[in-house]
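Listed here are the chains, written in short residue letters.
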Amino acid sequence: MLDKPDPASSHHDGNGHSDVSLPEDLINELSSESLTFVEDLYTSYLESPSSVSEEWRNYFARFPQKSARKRKPGFGPTFKRHSMFNPPSPVRNEAVDRQTMKIADRQERLDQLIRNYRVRGHILASLDPLGKKRATPAELMPEFYDFSERDYDRVFSTSTFGGPKQRTLREMIQWLKNTYCRSIGAQFMHIDSLRVREWLQTRMESTANFLKFERPEALRILRRLTDAVGFEEFIQKKYVGLKSFSLEGAESLIPLLDLAIEKAGEQGVDEIVFGMAHRGRLNVLTNIMGKKPREIFREYEDSVPEMSVGRGDVKYHLGYSSDWMTESGHNVHLTLCFNPSHLEFVNPVAMGRMRAKQDRWHNIDRTKGMVLLIHGDAAFAGEGVVQESLNLSELRGYRTGGTIHVVVNNQIGFTTDPAQSRSSTYATDVAKMLQIPIFHVNGEDPEAVAQVVRLAMDFRKEFHRDVVIDMYCYRRRGHNEGDEPSFTQPLMYDVIDKRPSVRDSFLQRMLERKSVTEEDADRLQEESVSHLESELAAARVENYPHKVELPGGIWTGYRGGKELPSDQIDTGVPEESLSNLLLKQTELPDGFTPHKKIKRLLQIRKDMAAGERKLDWGTAEALAFASLLTEGYRIRVSGQDAQRGTFSHRHAVLHDVKTGKKYTPLKHLVSGQGTVEIVNSPLSEAGVLGFDYGYSLDCPDGLIIWEAQFGDFVNAAQVIIDQFIVSAEDKWQRYSGMVMLLPHGFEGQGPEHSSARFERFLQLAAESNIQIAVPTTPDQFFHLLRRQVIRKWRKPLIVMTPKSLLRHRDAVSSFSSLTSGSYMKVIGDTTDLNPQKVKRILLCTGKIYYDLNERRRQTERDDVAIVRIEQLYPVPHEDLEAALAPYPEGTPVYWVQEEPENMGAWRFIYCRFKGNLFGRHPLHGVYRPASASPATGSGRSHQFEQEMLLTESFRDDS
């Protein structure tokens, strides 16, 4: 470890005089002084001649005298020449001019060296606890700048660097190494802002990036390390061979989190949301989150298997919440998100949760809450959702005030070396896409870890941006406790096997400094072991209480489970209120000039409000939003084109064609209304859906919507769907009212613009975990959205929304259909045909209904009934049975869909009813042939196929 140089070393006597003389006949020896150093002496001479040595007084006396000038504050010298370097030509001294050039040249070379240490010093930092070093870059060597040994004791200006204004080259190099090449390597020179760079330089260079522990801090860190190491060793002894995904080799994570929470409390943070994968999670749960070890031990015992049949999750995926009282007396609420094995996908979920909390607190400046994400090195570099999450950090609709990213850098994947898993130098290089610092730190140096944590927390508070801490460590036991890492990394694990624990190495350093004693260490270890033993005994009692924790707090009063009859509520709104709300949305501020087509749209909506036109889809949606807002509910809609709507049906945010200013009518309905946020998202599915799902976890009383640009693109977010949305209640007892709007419909636009693949949602549907709806009319959509918020049954809602139906002449509704009732799960035939004459019943969902109904009109078939299923899951058995009851037993039912046979709802429907509906109606199917691709890319082929579907649907069986 490099030593911190003595700041007192200088070339001045006790009176502040320089001991460097400058007799005129030795002018060429001036090369030991920098230009700025001489300028400083000259300024001092002008202020008080006695402040400099006699030699310098004699030298300066020959130049024209001018008043002293103050330097400008801040970094960097003023490079304007004093009169001593620009004397009147008769007095001009060519030797001085030559010497001035030499001084300036040397100073410039030193400045280049300083800059390159700031840019590249991290390459030389001692980051790897296993001792791996990297070659010194040429630009960090003094000889690269033509400095020789005789230059090492020359005095230079260092006013552009923290600390003393003048230092020798030798002192400067030592200070640079201490600041940038010790146990901390900093990457920050990619940041564009000079203010941010200078802030970081000042913080690091003024202290040589070093934080020395006093006894209280040393004891606190030792206690945390003792608890961390002790927990892992205890688990290994008591549950031999069972997986725990040990933190061993990275125990400094525990004091790092401890210090971060303490610092957060000092900075006024009231809540921290954590996200992390499984490595070290149990240790964090017990030593940071406050989960009692007995609960973890009981999960290891696994003594009541019947409690978890088909549900629950492994112990190292579970979340937890608790309160932490800091030493300064500030209470910080901690929430560790539940997390699947898909590692980094929890990142946007955690961010969304914090955004929802901040919005609920009306914390516009995003200072009361914080996200802290713990990553693995291989996952941080390898998983694209990391980039998606980073990209959200500075976007207005997703900002949370800065996330602390902690990378637990194992220097290996499962069995994969870094050279095989990433193309970048560091695992964290993807974070350089942001204007944020990246601190690499040796995890076996807790003092350096502490310095980095405080620096990172202060940076976040100052600039409200993300920060990355890349903590180099190692994984003592391989991927898990049953793994043998030396199969694939024999040399690495030969070194690891010989290393003491982080706790032991830290203790040795503190003992040498006399910051702690052996008695302190023994006492802390005895306390830790005794506590764990008592917790294990408590876990093994026969009458250990078994309980399932249901969501409380803001979730009190909401429930999951199965839908009850009482959940069917009236969602109508009085017609007068609807008319007023619609008119209110057509009003614009004075001087606002809308696009001519928007002006026409507003007039159409005025006609609708007057009852002169029926309501289209976009208007019904706007009325659903407006009515909920006036009732005090929060609405958040995000998606790649959510403000306008991909298909120009929403226009929730209007743009002045002359000024570009924006206006959102939904924000100006009534005083005291709920908050509405319509957000255009980045071109991201997994990250944004994860964020909005996280938002829904902390906003049970709001309408939280994510809209896909096309429903087809939802498969880019499949991990969020599989691991969170459809399974969170079953695995973790976590509810969500998340709404997903997925445009769906076969209209000849090709394989990527036809299908939201809702067969996948149907396959995932079980135990009433989600709702899958395909509304076919505007009023149905109106009631569906209102039902989702008003009733207390909380389930994610998947909606197959239309494209062409947005402007279909028949897909309209009257005001009266919005004033009462609720969402209809099944809509029976709406014509006045005689049920007893019906020979065939067409059962369908979605857009195909309008094609079928049009063909029936054209062919005047009064013997064919058409029934729509508007909610595919939970399957509305009673409603469907009631809709089919009027028709004679034995009347065949044909499920008609646009999708190929292996897609859509056909197989789901057939398996549910086993080929016969309620024992009365044989079930058949009409569909496109099974296909590997959802749809044809030919518009004419689409029309040909569609015609075949319609012909088959109305085939006369007589």
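Heads up: the structure comes first, above all this text.
Every chain's residues receive numbers from 1 upward, in the order its sequence appears when written. Local features in this predicted model are restricted to residues of pLDDT 70 or higher, and side-chain atom pairs are both shown and tallied only at a pLDDT of 80 or more, whereas totals for entire chains, interfaces and linings draw on every residue. With hydrogens and water set aside, each side-chain value is computed from the structure's full complement of heavy atoms.

Novice: Would you mind going over the overall build of the protein chain in detail, with residue names and values included?
Specialist: Per the convention used, a helix needs a DSSP run of H or I reaching at least four residues, while a strand needs a run of E reaching at least two, with both numbered from the N terminus. Within the protein chain one finds 29 helices and 25 strands. Taken along its principal axes, the extent of the C-alpha atoms in the protein chain is 125 × 75 × 50 Å. The classification of residues rests on relative accessible area computed with a 1.4 Å probe and restricted to protein chains. Under 20% of the type maximum is buried, over 50% is exposed, and intermediate values are partly exposed. Taken across its 958 residues, the protein chain has 58% of its residues classed as buried. Neither His nor the chain ends is counted toward charge; the positive residues are Lys and Arg and the negative residues Asp and Glu. Charged side chains are reduced to one point each, which is NZ for Lys, CZ for Arg, CG for Asp and CD for Glu. For the protein chain, the centre of its 123 positive side-chain charges and the centre of its 132 negative side-chain charges are spaced 4 Å apart.

Novice: Quick rundown of the environment of Phe245? Include the residues and the values.
Specialist: You can see Phe245 is positioned in the loop between α6 (215-238) and α7 (253-266). Separated by 568 residues in sequence, Phe245 and Ser813 place their C-alpha atoms 57 Å apart.

Novice: Summarise the sheet that holds strand β25 (residues 921-928); cite the residues concerned and give the values.
Specialist: For two strands to be treated as a pair, DSSP must find no fewer than two bridges joining them. Pairing in this open sheet of six strands is mixed, and the strands run β19-β21-β20-β23-β25-β24 from one edge to the other. Strand pairing shows two members of the sheet lacking a second neighbour, β19 (826-827) and β24 (916-917), which therefore form its edges. Strand direction decides the pairing type here: β24 and β25, joined by two bridges, are antiparallel. Note on β25: the bridge partner recorded for Asn916 is Pro922.

Novice: Give a description of the nonpolar core that names residues and reports values.
Specialist: Residue types Ala, Val, Leu, Ile, Met, Phe, Trp, Tyr and Cys, when buried and joined through side-chain atoms within 4.5 Å, form a set referred to as a nonpolar core. One finds Ile272 and Leu372 to be the most contacted residues of the largest nonpolar core, which totals 98 residues. For this core, the element with the most residues is helix α14 (residues 446-463), which contributes 10 residues. Contacts are assigned to residue pairs that have any heavy atoms within 4.5 Å of one another. Apart from the residues lying within four places of it in its own chain, the contact partners of Leu372 are Leu257, Ala260, Ile272, Val273, Phe274, Gly275, Ile404 and Val406. Within the second largest apolar cluster, 74 residues are counted, among which are Ala350, Ile704, Ile770 and Leu880.

Novice: Before we move on, could you go through the pairing of strand β5 (residues 320-325) and cite the residues and values that matter?
Specialist: Relative to strand β6 (residues 331-336), β5 is paired through six bridges, and the arrangement is antiparallel. Of the residues in β6, the one forming a bridge with Ser321 is Thr335. As consecutive antiparallel partners, β5 and β6 are separated by five residues, and within that stretch Gly329 has a phi angle of approximately 90°, a positive value.

Novice: Tell me about the pattern of salt bridges, and name the residues and values.
Specialist: Each reported salt bridge corresponds to a side-chain nitrogen of Lys or Arg within 4 Å of a carboxyl oxygen of Asp or Glu. Scanning all chains against the criterion turns up 59 salt bridges. The residue Arg215 makes a salt bridge to Asp520 at a minimum N-O spacing of 2.8 Å. Here Arg215, found in helix α6, pairs with Asp520, found in helix α17 (residues 518-539); they are 305 residues apart in sequence, far enough to count as distant. Residue Asp520 is classed as buried on the basis of its relative accessible area of 8%. The residue Arg499 makes a salt bridge to Glu444 at a minimum N-O spacing of 2.5 Å. Of the two residues, Arg499 sits in the loop between α15 (490-497) and α16 (502-513) while Glu444 sits in the loop between β9 (438-442) and α14, which places them 55 residues apart along the sequence. On the accessibility criterion, Arg499 (24% relative accessible area) is partly exposed. Using a relative accessible area of 8% as the deciding quantity, one classes Glu444 as buried. Each of the salt bridges in this network shares a partner with another, and the network as a whole consists of Arg355, Asp359, Arg366, Arg636, Glu677 and Asp692.

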